[in-house]
Amino acid sequence: MSNAPAAIKLVGVTIFMKLVYYSPSSYGGLADYAHKQANALVQSGVEVYFLCTHNYPVERGESYQVIPVLQEMKPGRKNLSRLSKVFHYCKVTLFNYRQLATYIEAHNIQAVLLGSYEEYLAPIWSGQFRNLARTGVVFGAIIHDPVRDFILGPRWWHRWSIASAYSFLREAFVHETIKLNTVRPMPLRTTVIPHGPYHFSDPGTTREQLRLEMKIPESAIVLLSFGHIRDEKNLDLALKAIADFPNIYLIVAGAPSSSTQRTLSFYQNLAEDLKISDRCRWEIGFVPADQVADLFNASDIVLLTYSAHFRSASGVLNTAVAYRRPCIASAGMSNLRSMVLKYNLGIFVEPDNWEAIRDGIQLMLGGIGEIKWEDYERDNCWSKNAEIIIKNFE
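First, a word on what this report is: a plain description of the structure on this page.

Cut-offs used in this document
- Residues numbered from 1 in each chain as written.
- Predicted model: local features only at pLDDT ≥ 70, side-chain atom pairs only at ≥ 80, totals over all residues.
- Heavy atoms only, no water.
- Helix = DSSP H or I, 4+ residues; strand = E, 2+ residues; numbered from the N terminus.
- Rg over C-alpha atoms; globule rule 2.2 N^0.38 Å.
- Contact = heavy atoms within 4.5 Å.
- Areas by Shrake-Rupley, 256 points an atom, 1.4 Å probe, with all protein chains shown as cover.
- Lys, Arg positive; Asp, Glu negative; His and termini not counted.
- Charge placed at Lys NZ, Arg CZ, Asp CG, Glu CD.
- Pairing = 2+ DSSP bridges.
- Axes fitted to C-alpha atoms, helices over the stretch in contact; angles between N-to-C directions.
- Buried < 20%, exposed > 50% of the residue type's maximum accessible area, 1.4 Å probe, protein only.
- Phe/Tyr/Trp six-rings, centres within 6.5 Å; stacked < 30°, edge-to-face > 60°.
- Lys NZ or Arg CZ within 6 Å of the ring centre and 35° of its normal.

**Quick word on the overall build of the protein chain**
Counting secondary structure elements, the protein chain contains 14 helices and 13 strands. The C-alpha radius of gyration of the protein chain comes to 22 Å, within 12% of the 21 Å expected for a compact globule of 394 residues. Across the protein chain, contacts joining residues at least 24 apart in sequence account for 74% of those joining residues at least 6 apart. When the accessible surface of the protein chain is split by element, carbon and sulfur atoms take 53% of a total near 18,300 Å². Charged side chains of the protein chain number 40 positive and 38 negative; the gap between the two group centres comes to 8 Å.

Printed below as a string of structure tokens:
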């Protein structure tokens, strides 16, 4: 693929803005979000040049120009030492931001949207973007995780990094009203945008057939835990809650998050101890897009039992909406909490409490009333997301 901008022709759309979209994530929620958002921007009249890695999945109906010039953050070699992984991360991070700056300069780009905000190593790489901002380049970022309380290194470095990563931005886009902690005062405009729903595909097989293959009784109530397996999802608490319901089965679908998190065997051993392992199905690994619909089709309820430290939006919630599956959710003050409560998308329970999850399951089994699926999709669509971003960049 060419690295130079090429005209993007979309029937019936007037192109009036060129924008570079920076998306170093090849897979997962950030990559799915970036794909949907970039397509919506093109549909709204923006010429989008999408900087990504060579591993970024294409042929998903993208109408933006794919520019695969970034390096993959995940090391190609396995069994690297911790020091080698840190070195690889630092090298790739600095390389990718340099690629972004070079592309902006080479093609005279005036609008740049970062697919996510990250502060790591920002005191080293942010200066080039402050210089570009002084020449009139407008930078915005999607702030998926607005509370940056994970401290890497000394606190003074953490605070400097946060300030540096915000220092060149004019636009910050969030999914819930919040006052961002930028460490020091900055001329930064913070705007709430909706998180649109995801619909990957239609099911490739029937609900009955998939349950038969997974050895799940048709009469069972099936809960689905979807996405990366990480501590803040409280899967251990959900397992404890499920033990009280002999007709409930659980599908865990996703890949372990990292070596610093609880291992898969921790959860599997817990299921054994609770005597519910026969009711758990472990679909471990990256879930291809064409299999997502089958998993949601086979399930009845989606588990989103995050800890109180989770204060973001949920891509899994927006997938559940597309497939009309209610959820049992918990989190801190967040878009996830607001959306579940406002549109009655399921049961919201106290975070970090297995008994609350148990009680939430009992309430769900009793019926939760009208779920406002259509209202949610009307108010939280990708076209509105793009419309707000374009307005702010004008």
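**Section: the sheet that holds strand β9 (residues 248–254)**
Across the sheet, which stays open at both edges, the 6 strands sit in the order β10-β9-β8-β11-β12-β13 with parallel pairing between neighbours. Because the sheet does not close on itself, it has two edges, and the strands there are β10 (280–284) and β13 (346–348). Shown here is a sheet whose adjacent strand axes are inclined to one another by a mean of 20°, direction ignored. The strands touched by helix α7 (residues 235–242) are β8 (221–226), β9, β10 and β11 (301–305); relative to β9, the strand with the most contacts, the crossing angle is about 160°.

**Examining unusual backbone geometry**
The phi angle at Val183 is positive, at roughly 75°, despite the residue not being glycine. Look at Val183 and you get partly exposed, because its relative accessible area is 27%. Located in the positive-phi region is Asn344, a residue other than glycine, with phi close to 50°. Along the chain, Asn344 falls in the loop between α11 (335–343) and β13.

**Focus on the packing of aromatic side chains**
Considering all chains together, one arrives at 26 aromatic pairs under this definition. Ring centres of Tyr97 and Trp125 lie 3.8 Å apart, and the angle between their planes is 15°; this geometry places the pair in the stacked category. With Tyr97 in helix α2 (residues 82–106) and Trp125 in helix α3 (residues 122–125), this pair connects stretches of sequence that are 28 residues apart. Judged by centre distance (5.5 Å) and plane angle (85°), the rings of Trp157 and Trp160 are edge-to-face. With a gap of 3 residues between them, Trp157 and Trp160 both fall in helix α5 (residues 155–166), about one helical turn apart. By relative accessible area, which is 22% here, Trp157 ends up partly exposed. On the accessibility criterion, Trp160 (42% relative accessible area) is partly exposed. Every member of this aromatic cluster is reached through a ring pair, and the members are Tyr22, Tyr97, Trp125, Phe129, Phe139 and Phe168. In this structure, Arg337 is placed above the aromatic ring of Phe348, and the distance from its NZ or CZ to the ring centre is 5.7 Å.

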